[in-house]
Amino acid sequence: MSTQRVSAILVVHDGSTWLPEVVASIVSQTRNVDQILAVDTGSLDGSAKLLKGARIPVTTLDRATGFGEAVAYGVEKLAAPIEGDEEWLWILHDDCALHPRALESLLSALSERPSVVMAGPKLLGWHNRTHLLEVGISLASNGARWTGLEANEYDQGQRDGIYEVLSVSTAGALIRRDVFEELGGFDQNLELFRDDVDFGWRVRTAGHSVAVVTDAIGYHAQAASNERRAVDVKGAFLHRPLLLDRRNAAYVLLANSSWYSLPWLSIQLLAGALLRSVGYLFAKLPGYASDEILAIATLLIHPTELLKARKARKASRYISSRVVKTFIPSRFTQLRSSISHGFERLRSRLLPDDVNESVPAASVLNINEDEDLLTPISVKPWRLVFARPLVAVFTILAVISIFWARHRLGAVSGGALPQSPSSFQDLFKLYLQSWHEIGMGSGLSTPPWVLLLSGASLLTFGNVKVFISLFFLAAPFIFLLTSHQFLKRYTDNQWLSAGASLLYALSPVSIAAVNSGRLGVLVFIALLPIFAAGLRNWVDIEKRTWRSIFAYSLFIWLLFAFNPSVLLILIAAVAFALYRDFLRAQKNHKDPLFIERVIRRTTLVVLPILLSAPGSFAVFMKPTRLLAEIGLTIPGGGANFAFFANPGGPGSLPWWSVSPIAIVLFVTFFSTTAARKFATLGLIFLLAGTFFSALVVSGNGSATSTRANAATFIAVATLLSITSAVVMFDKVRARLEQSHVNYRHVSVALVLLITMAYSVTSTFWLVTAGADSPLRTTSKEILPAFLAIEKDAKTVVLRSYRHNNQTTLSYYISRGSAIMLGEPDVAPKDLPVLTQAIEGLVDNTGVTSSNIFSTYGIKYVFLKNPVSNDVVQTIDGLGGFNRTSATNAGIVWRVLKDTGRLRFVDYSGKEMTLASKGVRAYAPSPGTITLTESYSNAWQIFQNGYRLAKIENANELPSFEVTTGGDISVIHDGTIRRGWISLFLIVLVTTVVLALPSGRRRSEIEDAVIA
């Protein structure tokens, strides 16, 4: 039997921090090394002097020498192998201390396994010596270093044993010298990092084995990869550890893998680098992001290195590279590990460990076993769950909702909510399109809430109808939960906070928003408590980090996207705050603190405007747009309702169900100082809502004006009123008991009585008449089937409705279907000439209505049931219309004069309609082509590669001059729309990146944390 001989090679590079313990661990081994040589690569910190003091032979090389080259030099300097002895090279790092029995355990395991020519210890953290670092290593298919361990896995012996692995770390690795020299040592191209995996791979394909021996233990600081010292090797571009690590990982994969797998591996490496670089950019670590890209680039610009490496490996390969497949983790394993690590990071952020929390240990000396046996087991019945305040009010709301929502179980529409498309793709297309075939056509930019709603509907697998229906059903419960989370900060009384949150969920503004289908108001009411909770440090805004400023800007944009009036509130709040800041700065506009506050407050206004551009710019040209709502426009109830915190309008509570909101604000205004600050602000918003509700504004796509709905202001007043009441009622019983009967007792009793009366009346109304709201389940088709099929045909749809106890008609121009979600917000304004022609169908003055309809490409008139006999007789009596059908849905007339999308008039005055297929059409001769769509500068007609001259004719339609017959192409140029979308994406991504938590470079992380 041959004798085992060990030659240790210690590679040192600025390792004075760890060397004393490393040297002590070497000399204290239970099995001494036979010879040792330290190779110092130009240390500047006195490492060489420390080694000489320990009487370890030292040889010094250039500072740029790589690890593999240093080891090779050390092997050359060792004494020649003794014939008959089995010599082992023990590779040591200057930042890895070994357990005293490490070498003995390694040699013992190797003596029983002759096929193993490379073995390594179990590596634990340097600072936290219960933290597992490595128990053998491998390489994932994307180049990542793979240990198979959980994040920060605690060593409890669960990984102990002797296992065959792909490779082991060179820190403490024992390698048979003859095999090391036969394989040419470590690859000189891998000056640092991944040389261990590469060598293990080559050992495997040479027919040998590699094992990890967990009885041998090392404590590794990983100084280079953790950026605890400079990476000075000459091959390290920019001296960046991550760049070198990623570059070498790709090198190892491409140099050792089979030829047929190289294309797929290259794609994986490139895709992985791109994804990781994006992740680093979001973490605000651009240096790491560039490392990922440069790593692949620096490898690909030197393909000869890879070719030479593959040729060298082929000479020593006796087994196919597929032998290592069992050690490469599968994609499923990698995915599962990534998900597990992601959830662990999320858990650590959401549920951080409380280091101060300690549970006293029970001593066995204090346990009375007899008493424990005699004590009955306490079993709490399930019904006690409902005794919890939040569960109790949640149950009450659920019972009310069963009756309240009985007509809303299914796809809902009505009130301000149009019908929803089936798929999120329809909303996404609407957002991207530069031209919308709505009414006479519109080139308005789609507001961003359409994109947000499209993304949110992915929660219901892209089904928008299901998402909208579930949202309206769940809205009161969302109001309850978000308001309770906000209100519980102001009281320890759980019943008080729960009851107040129920009042918020069933407040007049909440009920009206649900019943009338006001989607934007619902989003605002749901998020308002979260928004209010984030208003910390509003006065001293300089105390907020820039990350929180950007995050809050995104939140404001979300509210503004669904409620334009949020911008009005924000501008007023910022203007008032800046005025106060100016006074605090003693009217010195150059004061640094004042300037900093101006910048931060302005950011909160500018970013939401930029994210909503160009639609947000319209509010500066027409400020009344700030009072508009998303969806169909329905009127509010006016100032009388608004003064009592009821927005009024269709679906709102009747006047006799008086809300306590306004009364609470007046009472709490004269209450405690803490309650007064909320009441004062609440009164301001209530009065502002009362004022704005008296104004008249024009709706989306309509020239008619309606009373503004001030639900946004009323919602803020409602939350402030309820908050002031919670502050006032908190511990109110103790205060009243300590005083004689006075006005406080009367005011508290008054508020309680009105609140109880409101609760009873509103609940009674909700479960009876309130359930029959404008928003309800509907499956009725707006148009007859044959009209819906003809998608390109415009149809004037007339519908009767009752307003102020009088029957009147409304109209809109359909393109084969009812108006869908998002379309009212981009609908064009009514043309006066069309409005007059449609009114002529009703008042018998529409002699020229059919000609006007033909001019604008309108083919049909549809009178929806229930029909008015007077209107039917009027249309039948007018010339130019032919009744085509009368069904249960209504009556349809066709415009007799031929019309279509493209109307052509030749030079002789002959008119005709051009047939078109997609964007293609044919002009038979020179003449004028009129496109029966609203005029837009983006409309273009091309013929033979030339753009035809365009004008806006007297009918406000685009007309083009054709000089010769032939094929033409009609397009709407979406360049401007694509430009706005690009700007939106740039601003959004930049803001999101700046709002996300910043990552830290490894060099910035504390030693105790990283190890």
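Residues numbered from 1 in each chain as written. Predicted model: local features only at pLDDT ≥ 70, side-chain atom pairs only at ≥ 80, totals over all residues. Heavy atoms only, no water.

Draft legend 1. Layout of the overall build of the protein chain. Along the backbone of the protein chain there are 35 helices and 31 strands. Residues counted as buried form 51% of the 1011 residues belonging to the protein chain. Sequence-distant contacts in the protein chain: of pairs separated by 6 or more residues, those separated by 24 or more amount to 74%. Carbon and sulfur atoms make up 61% of the accessible area of the protein chain, which totals about 48200 Å². (Helix = DSSP H or I, 4+ residues; strand = E, 2+ residues; numbered from the N terminus. Buried < 20%, exposed > 50% of the residue type's maximum accessible area, 1.4 Å probe, protein only. Contact = heavy atoms within 4.5 Å. Areas by Shrake-Rupley, 256 points an atom, 1.4 Å probe, with all protein chains shown as cover.)

Draft legend 2. Just the sheet that holds strand β24 (residues 916-917), in detail. The antiparallel open sheet is built from five strands, whose spatial order is β24-β25-β31-β27-β28. Pairing within the sheet leaves two strands with one partner each, and these edge strands are β24 and β28 (946-947). Summarising the sheet, strand β27 (residues 939-943) and β28 pair through two bridges and their orientation is antiparallel. Residue Phe 942 lies in a different strand from β28, and its bridge partner there is Arg 947. (Pairing = 2+ DSSP bridges.)

Draft legend 3. Spotlight on the sheet that holds strand β29 (residues 950-952). Strand order in the open sheet made by the five strands is β23-β22-β26-β30-β29, with antiparallel pairing throughout. Each edge of the sheet is formed by a strand with only one pairing partner; in this case those strands are β23 (911-914) and β29. Here the average twist between neighbouring strands, direction ignored, is 30°. Of the strand pairs in this sheet, β29 and strand β30 (residues 958-962) are connected by three bridges, and their pairing is antiparallel. Looking at the pairing, Ile 951 lines up with Ser 959 of β30. (Axes fitted to C-alpha atoms, helices over the stretch in contact; angles between N-to-C directions.)

Draft legend 4. Region of the structure containing the packing of aromatic side chains. Summed over all chains, the structure comprises 27 aromatic pairs. Each ring, one from Phe 467 and one from Phe 471, has its centre 6.3 Å from the other, and the planes form 10°; the classification is stacked. Taken together, the residues span about one helical turn, with Phe 467 and Phe 471 both in helix α16 (residues 464-487) at a distance of four residues. For the pair Phe 467 and Phe 471, a shared accessibility class is recorded, and that class is buried. Centre to centre, the rings of Trp 557 and Phe 984 are 5.9 Å apart; their planes meet at 50°, and the pair counts as tilted. (Phe/Tyr/Trp six-rings, centres within 6.5 Å; stacked < 30°, edge-to-face > 60°.)

Draft legend 5. Focus on the pattern of salt bridges. This structure, assessed with the given rule, holds 34 salt bridges. As a salt-bridge pair, Arg 246 and Glu 292 come within 2.9 Å of each other at their nearest N and O atoms. One end of the pair, Arg 246, is in helix α7 (residues 241-256); the other, Glu 292, is in helix α9 (residues 286-300), with 46 residues separating them in the sequence. Residue classification places Arg 246 among the buried residues on the basis of a relative accessible area of 15%. Classification of Glu 292 by relative accessible area gives buried; the value is 1%. (Salt bridge = Lys/Arg side-chain N within 4 Å of Asp/Glu carboxyl O.)

Draft legend 6. Summary view of the nonpolar core. With 120 residues, the main nonpolar core has Trp 449, Ile 468, Phe 472 and Leu 519 as its most contacted residues. The greatest single-element share of this core, amounting to 14 residues, is contributed by helix α27 (residues 711-729). With residues near it in sequence (within four places) discarded, Phe 472 still touches Arg 408, Leu 417, Ala 513, Val 514, Gly 517, Arg 518, Leu 519, Leu 522 and Leu 775. With 39 residues, the next largest nonpolar core counts Ile 9, Val 11, Ala 70 and Val 117 among its residues. (Core = buried A, V, L, I, M, F, W, Y, C linked by side-chain atoms within 4.5 Å.)

Draft legend 7. Main features of the side chain of Asp 155. Tracing the sequence through the fold places Asp 155 in the loop between β9 (145-146) and β10 (162-164). Among the polar contacts listed, one links the side chain of Asp 155 to the backbone nitrogen of Gly 157, at a separation of 3.2 Å. In contact with Asp 155, other than residues within four places in its own chain, are Lys 122, Leu 124, Thr 130 and Leu 132. (Polar contact = N/O pair within 3.5 Å; in protein donor to acceptor, adjacent residues only side chain to side chain.)

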